[in-house]
Amino acid sequence: MRIKPIGDRILIKYKEREEVTKSGIVLPDTVKEKPQIAEVIEVGPGGIVDGEKVEMVVKKGDKIIVSKYAGTEIKIDGEEYTIIRQDDVLAIIED
Amino acid sequence: MRIKPIGDRILIKYKEREEVTKSGIVLPDTVKEKPQIAEVIEVGPGGIVDGEKVEMVVKKGDKIIVSKYAGTEIKIDGEEYTIIRQDDVLAIIED
Amino acid sequence: MRIKPIGDRILIKYKEREEVTKSGIVLPDTVKEKPQIAEVIEVGPGGIVDGEKVEMVVKKGDKIIVSKYAGTEIKIDGEEYTIIRQDDVLAIIED
Amino acid sequence: MRIKPIGDRILIKYKEREEVTKSGIVLPDTVKEKPQIAEVIEVGPGGIVDGEKVEMVVKKGDKIIVSKYAGTEIKIDGEEYTIIRQDDVLAIIED
Amino acid sequence: MRIKPIGDRILIKYKEREEVTKSGIVLPDTVKEKPQIAEVIEVGPGGIVDGEKVEMVVKKGDKIIVSKYAGTEIKIDGEEYTIIRQDDVLAIIED
Amino acid sequence: MRIKPIGDRILIKYKEREEVTKSGIVLPDTVKEKPQIAEVIEVGPGGIVDGEKVEMVVKKGDKIIVSKYAGTEIKIDGEEYTIIRQDDVLAIIED
Amino acid sequence: MRIKPIGDRILIKYKEREEVTKSGIVLPDTVKEKPQIAEVIEVGPGGIVDGEKVEMVVKKGDKIIVSKYAGTEIKIDGEEYTIIRQDDVLAIIED
């Protein structure tokens, strides 16, 4: 089974806070907040979104910083994922 | 009798949670929420919607993930359906 | 006397719930809600609406599903009618 | 003295409910509401309104159905008038 | 000293209610409301406003009907004036 | 050190009420309100702002009337300044 | 590791109030407010943002004045950063 996001949408998986801390790099401002680092699992094709041409700049496997509260959560095979729009991606993290 | 959605609208039928669970695949984040997986029953022709050309990318029979709270519920021959806009479709599920 | 809707507006008459039930087909989700099935009585000419070209796709006599709470109610010769915009039409019902 | 509406604005005079009833034709849904039938007294030239070209389709003397709560009331020589935008006109009544 | 409005803005002076009444012509709906008749004192050059080309149709000396609550009040040499946008002008009064 | 406003932004300094009164010219409607007369200190280059080409019409040294509550206050070397958008400028005062 | 902002976004680091005061130059209006002076750490590529072409005018190392409450805070290697849009930059400070 595969989830194919539509338009400029992206299927992401948030990094567990622990995992993020271990890699020792990025943390949300307060521990109470939801983590903002995610991995890109699937990327929509882009195209015309709200009447504007959107080109996808993130790609599968990218580590990204996501705008707070963005997206819709879904559970696939017991795992939690989130579907966001590319505009909710603030930055890409390069190692 | 046939329901023909107008513009970018789509007639969908939500999967019962039980049915979704049995197929063992996608579940909303909490059981209290309404299921977000639906089957596409009828698709509008697209065309100019709010002054923008909309091309339909979902088709009859697609299994889709739908944005929460989207659409208008109607009952046809005792069965519950929902009419949404294509923009409320987050992703297509491929088996 | 004739009511000529302007632009993309449509004069409709809601089907009484009883009448709808007898035809045995479409019902709103709860009985407390206002019926969403209507017959199209008069159709505006379309044209430029809010700066966008609107083509009318519904026509006199169509049975339609209407977005909840849409439109302005008026009374003509003791009968209740509603004027809506075409964008408030969700689907056309074909027998 | 003459009132010349600007752009897509229209000077109208609401029909008194009594007068409307006598002509026996159109009534608002409840008697408590303000009448929605008006006569067009003066019509603006149209032109570019909010960056969009507006063509005037109502003309002096038209009997029209007006969107509820629309417009600004003014008093001229003791008589009450209202200035609305053409977009507040729902339909034209032809006898 | 001279006030030069920018873009589609207009410097106006509201007519005192008394003065308006003496001329016997236009009155707001209730005496408690602020008068809606004003004289145009200075007119901006128009041009591109919010990305749209605006042509000025009111001119110095025009008597105008103004949308309620419109504009910013200023005091010049002890006199009260108001700066509005041309879109706040509903109609021009011709004698 | 120099503050260079970006896009259609303008660095201004509000005239003290006293100073304004002494020049005997323009006063806000009530003394409790913040003064609306300011001097232009620095002007941004204009250009594309929100997708629209903006040409700057105010220039360094202009005395301007500013929309109430507009802008962001900053303190430079102990002096208070405000950064506004050109659209917040209502009029230029010429002596 | 490097943070690459997307579109018109900018990674900034707010100057500590103390540090700002020592340089003796710019201070927010009240000490209770968050500082508005920041250094630009990374700049996105610009491009089409919300359907409009955005050209980046700030560059790495610029000292900027930022609109209050703008952006999303993140923590990288224990340091606090903020990601804003270029439109949240009010002015560039040149020494």
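Residues numbered from 1 in each chain as written. Chains lettered and ligands numbered in written order. Predicted model: local features only at pLDDT ≥ 70, side-chain atom pairs only at ≥ 80, totals over all residues. Heavy atoms only, no water.

**Brief notes about the overall build of chain A**
Next, step 1: Tallying secondary structure elements over chain A gives one helix and 10 strands in all.
Next, step 2: For chain A, the α and β elements follow one another from N to C terminus as β-β-α-β-β-β-β-β-β-β-β.
Next, step 3: Residues classed as buried in chain A amount to 49% of the 95 residues present.
Next, step 4: Considering only intrachain contacts with a sequence separation of at least 6, the fraction spanning at least 24 residues in chain A is 64%.
Next, step 5: As displayed, chain A offers around 4,700 Å² of accessible surface, 48% of which is attributable to carbon and sulfur atoms. (Helix = DSSP H or I, 4+ residues; strand = E, 2+ residues; numbered from the N terminus. Buried < 20%, exposed > 50% of the residue type's maximum accessible area, 1.4 Å probe, protein only. Contact = heavy atoms within 4.5 Å. Areas by Shrake-Rupley, 256 points an atom, 1.4 Å probe, with all protein chains shown as cover.)

**Description of the interface of chain B and chain A**
Next, step 1: Between chain B and chain A, the contact holds 21 residues from the first and 19 residues from the second.
Next, step 2: Overall, the association of chain B and chain A removes approximately 1,800 Å² of surface from exposure, summing both partners, and the carbon and sulfur fraction of that is 53%.
Next, step 3: For the pair chain B and chain A, the interface holds three salt bridges.
Next, step 4: Linking A:R9 and B:D87 is a salt bridge whose minimum nitrogen-to-oxygen distance equals 3.4 Å.
Next, step 5: At the junction of chain B and chain A, the tally comes to seven residue pairs in polar contact (both at pLDDT 80 or more).
Next, step 6: Elements that contribute at least two residues to the side of chain B that touches chain A include exactly β3 (26–28), β6 (52–54) and β10 (89–94) of chain B.
Next, step 7: With six residues, the top contributor of residues to the side of chain B that touches chain A is β10(B).
Next, step 8: When grouped by side-chain class, the residues that make up the side of chain B that touches chain A number 12 nonpolar, two polar and seven charged.
Next, step 9: Here strand β1 (residues 2–5) of chain A pairs with β10(B) via four bridges, running antiparallel. Residue A:K4 lies in a different strand from β10(B), and its bridge partner there is B:I92. (Buried area = accessible area lost by both parts, 1.4 Å probe. Salt bridge = Lys/Arg side-chain N within 4 Å of Asp/Glu carboxyl O. Polar contact = N/O pair within 3.5 Å; in protein donor to acceptor, adjacent residues only side chain to side chain. Nonpolar A, V, L, I, M, F, W, Y, C, P; charged D, E, K, R; others polar. Pairing = 2+ DSSP bridges.)

**Topic: the interface of chain F and chain E**
Next, step 1: With 21 residues of chain F at the contact, the number on the chain E side is 19 residues.
Next, step 2: Residue F:E94 pairs with E:K4 through a salt bridge whose shortest N-O separation is 3.2 Å.
Next, step 3: Summed over the shared surface of chain F and chain E, the number is seven residue pairs in polar contact (both at pLDDT 80 or more).
Next, step 4: Elements with a contribution of two residues or more to the side of chain F that touches chain E: β3 (26–28), β6 (52–54) and β10 (89–94) of chain F.
Next, step 5: Looking at the side of chain F that touches chain E element by element, the count peaks at six residues for β10(F).

**Some details on the environment of G:K13**
Residues and elements named next belong to chain G.
Next, step 1: Assignment of secondary structure puts K13 in strand β2 (residues 9–14).
Next, step 2: Each C-alpha atom, one on K13 and one on E73, is 9.6 Å from the other, the two residues being 60 residues apart in sequence.
Next, step 3: In this view, K13 contacts I37, A38, E39, I41, E79, E80 and Y81; residues no more than four positions away in its chain are not counted.
Next, step 4: Reaching out from K13, the side chain makes a polar contact with the side chain of E79 at a distance of 3.3 Å.
Next, step 5: A distance of 3.0 Å separates the side chain of K13 from the backbone oxygen of E80, its partner in a polar contact.

**A look at the packing of aromatic side chains**
Next, step 1: Applying the stated rule across the entire model yields zero aromatic pairs over all chains.
Next, step 2: The ring of C:Y81 has C:K13 lying over it, and the distance from NZ or CZ to the ring centre is 5.1 Å. (Phe/Tyr/Trp six-rings, centres within 6.5 Å; stacked < 30°, edge-to-face > 60°. Lys NZ or Arg CZ within 6 Å of the ring centre and 35° of its normal.)

**Some words on the environment of B:A91**
Next, step 1: Mapped onto the fold, B:A91 is located in strand β10.
Next, step 2: In this view, B:A91 contacts A:I3, A:K4, A:P5, A:I6, A:I83, B:K63, B:I64 and B:I65; residues no more than four positions away in its chain are not counted.

**Brief notes about the side chain of C:R9**
Next, step 1: Relative to the assigned elements, C:R9 resides in strand β2 (residues 9–14).
Next, step 2: Given the relative accessible area of 7%, C:R9 is considered buried.
Next, step 3: Within the structure, C:R9 has its side chain in polar contact with the backbone oxygen of D:V89 (distance 3.4 Å).
Next, step 4: Those residues in contact with C:R9 that lie beyond four places of it in its chain are C:V43, C:G44, C:M56, C:I83, C:I84, C:R85, D:D87, D:V89 and D:L90.

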